[in-house]
Amino acid sequence: MKTILVTGGAGYIGSHTCVELLEAGFAVVVVDNLDNGCEEALNRVERISHRDLMFEHADVRDKDSLDRVFRDFPIDAVVHFAGLKSVAESVSNPDLYYDVNLGGTIALCEVMESHGVTDIVFSSSATVYGISSSEPIPEYAETQPAQPYGKTKLAAEQHLQTLCEADERWNAVCLRYFNPVGAHPSGLIGEDPKGIPNNLAPYLTQVAAGFRDKLMVFGDDYPTHDGTGVRDYIHVVDLARGHVQALEFLADQRGFMPLNLGTGRPYSVLEVHAAFERAVGEKLPYVIAPRRDGDIAIYFADTAKAEMELGWTAHYDMDDMARDAWNWQSKNPEGYKS
Ligand code: NAD
Ligand code: UFG
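So, a few notes on the structure that sits alongside this text.

Scoring rules and cut-offs
- Residues numbered from 1 in each chain as written.
- Chains lettered and ligands numbered in written order.
- Predicted model: local features only at pLDDT ≥ 70, side-chain atom pairs only at ≥ 80, totals over all residues.
- Heavy atoms only, no water.
- Buried < 20%, exposed > 50% of the residue type's maximum accessible area, 1.4 Å probe, protein only.
- Helix = DSSP H or I, 4+ residues; strand = E, 2+ residues; numbered from the N terminus.
- Pairing = 2+ DSSP bridges.
- Axes fitted to C-alpha atoms, helices over the stretch in contact; angles between N-to-C directions.
- Parallel < 35°, antiparallel > 145°, perpendicular 65-115°, else oblique.
- Left-handed = near helix turned anticlockwise from the far one by under 90°.
- Contact = heavy atoms within 4.5 Å.
- Nonpolar A, V, L, I, M, F, W, Y, C, P; charged D, E, K, R; others polar.
- Salt bridge = Lys/Arg side-chain N within 4 Å of Asp/Glu carboxyl O.

Thoughts on the pairing of strand β5 (residues 119-125)
Side-chain direction in a regular strand flips from residue to residue, so the side chains alternate between the two faces of the sheet.
At step 1: Among the seven residues in β5, seven count as buried, and that is most of the element.
At step 2: Residues of β5 alternate between two faces, with D119, V121, S123 and S125 on one and I120, F122 and S124 on the opposite face, all of them buried.
At step 3: Bridge analysis of strand β4 (residues 77-80) against β5 gives three bridges, and the strand direction is parallel. Within β5, the position partnered with V78 by the bridge is I120.
At step 4: Bridge count for β5 against strand β6 (residues 171-177) is seven bridges, and the pairing is parallel. Paired with F122 across the strands is C174, a residue of β6.

Below you can see the structure in the form of structure tokens.
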């Protein structure tokens, strides 16, 4: 049985990936500083999978703690989720974002190498492409992220690429996620945002739950079919399964590879809103508001390379995403505190 270190495994995407890894027969060790994750999520991962995992409360920048983890467990490969993800916070505090997202990746790689572990799957983001990309976006599109968050993700990718080019033992798959939404169909784990959600799907479920009055649709004058912003939303379980397939792919010598994870099927804000109304079975109030600073009209993935390299495609559609997001929200109105 292979043992996988999952950094950031107590977070949204990490917890769903732990379930898929355990169900696929891997042993799992989670390192998380619980900055934005929750230990209860890990308890629930064990409930869903009927398997135990190991948890170390530690920061990925703390090399002594990481070193202890590698000495205590026979780690074969790493899935690296631990990081900060708020675009707005990265603008106000770029040093912190470079420290955690790039510094954390460098520290992790140093400890991995000292223990002879050189296979890594990294959580990157479609935001590395920036604003002037083609649609759909292939992996060879130019990378020019517009904000510090995206720049830290690209810098971490470049660090991994440099390692792979310098030493053939290193293998890295950088998964560039589009817009992850939804929750595990059990309703036991899901997205648990702190404060007012920035993102569309958790905002909609909080409107449905009565915590927010109405959705603000940020702009209806974009050059899209209904004027609202268009994105590539992907069910978090599909995303999680992509990580398992990336690990299996890495088992052969592969070098450095960036891969998009999206559905390739774009949806507008109003189409997402309509799917959530169907899932909830009620009207969800909304108003048209001004465009949000920094938003772009259309962003969706060319998924051909992930399909070719990993044999991976997304299976869930927008109605599944809305159903599972609402199932999680309605069963856990206060998130993991419920
Ligand atoms: P999340 O905040 O729910 O999970 C991140 C986890 O990392 C949390 O449990 C947090 O406590 C932990 N963490 C943060 N800093 C740490 C540190 N220094 N040491 C140890 N643990 C630390 O976020 P998520 O949505 O699950 O995202 C996971 C990864 O995917 C992140 O790297 C994020 O940048 C990337 N990503 C997310 C999205 C998205 O929309 N959710 C999109 C693209 C990429
Ligand atoms: N939107 C609304 N109202 C809201 C929230 C969002 O109308 O209350 C709209 C946005 O304008 C956009 C769409 O819904 O058109 C999706 O917005 P999200 O905030 O859910 O997602 P983004 O695509 O803007 O951002 C995501 C990640 C970022 C990442 C970015 C680019 O959250 O971390 O993709 O990859 F940087």
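Topic: the packing of helix α9 (residues 269-280) against helix α11 (residues 318-331)
Two quantities define a packed helix pair, namely the angle between the axes and the distance from one axis to the other.
At step 1: Packing of α9 against α11 leaves a shortest axis separation of 8 Å and a crossing angle of 55°. Judged by the angle between their axes, α9 and α11 are oblique. Crossing angle aside, the handedness with which α9 passes α11 is right-handed. On α11, the residues that touch V272, A275, F276, R278, A279 and V280 of α9 are M318, D319, A322, R323, A325 and W326.
At step 2: Among the residues forming the contact of α9 with α11, the class breakdown is nine nonpolar, no polar and three charged.

Let's talk about the pattern of salt bridges
At step 1: Scanning all chains against the criterion turns up 16 salt bridges.
At step 2: Of the charged contacts, one joins E20 and R241 as a salt bridge, the two residues approaching to 3.2 Å between their closest N and O atoms. Of this pair, E20 sits in helix α1 (residues 12-23) while R241 sits in helix α8 (residues 236-250), placing them 221 residues apart in sequence.
At step 3: Since its relative accessible area comes to 10%, E20 is described here as buried.
At step 4: Take R241: its relative accessible area is 31%, and that puts it in the partly exposed class.
At step 5: For R44, the salt bridge identified is with E40, shortest N-O distance 2.9 Å. One end of the pair is R44 and the other is E40, both in helix α2 (residues 39-49) and four residues apart, which spans about a single turn.
At step 6: Residue classification places R44 among the buried positions, given a relative accessible area of 8%.
At step 7: Of the residues examined, E40 reaches a relative accessible area of 26% and is grouped as partly exposed.

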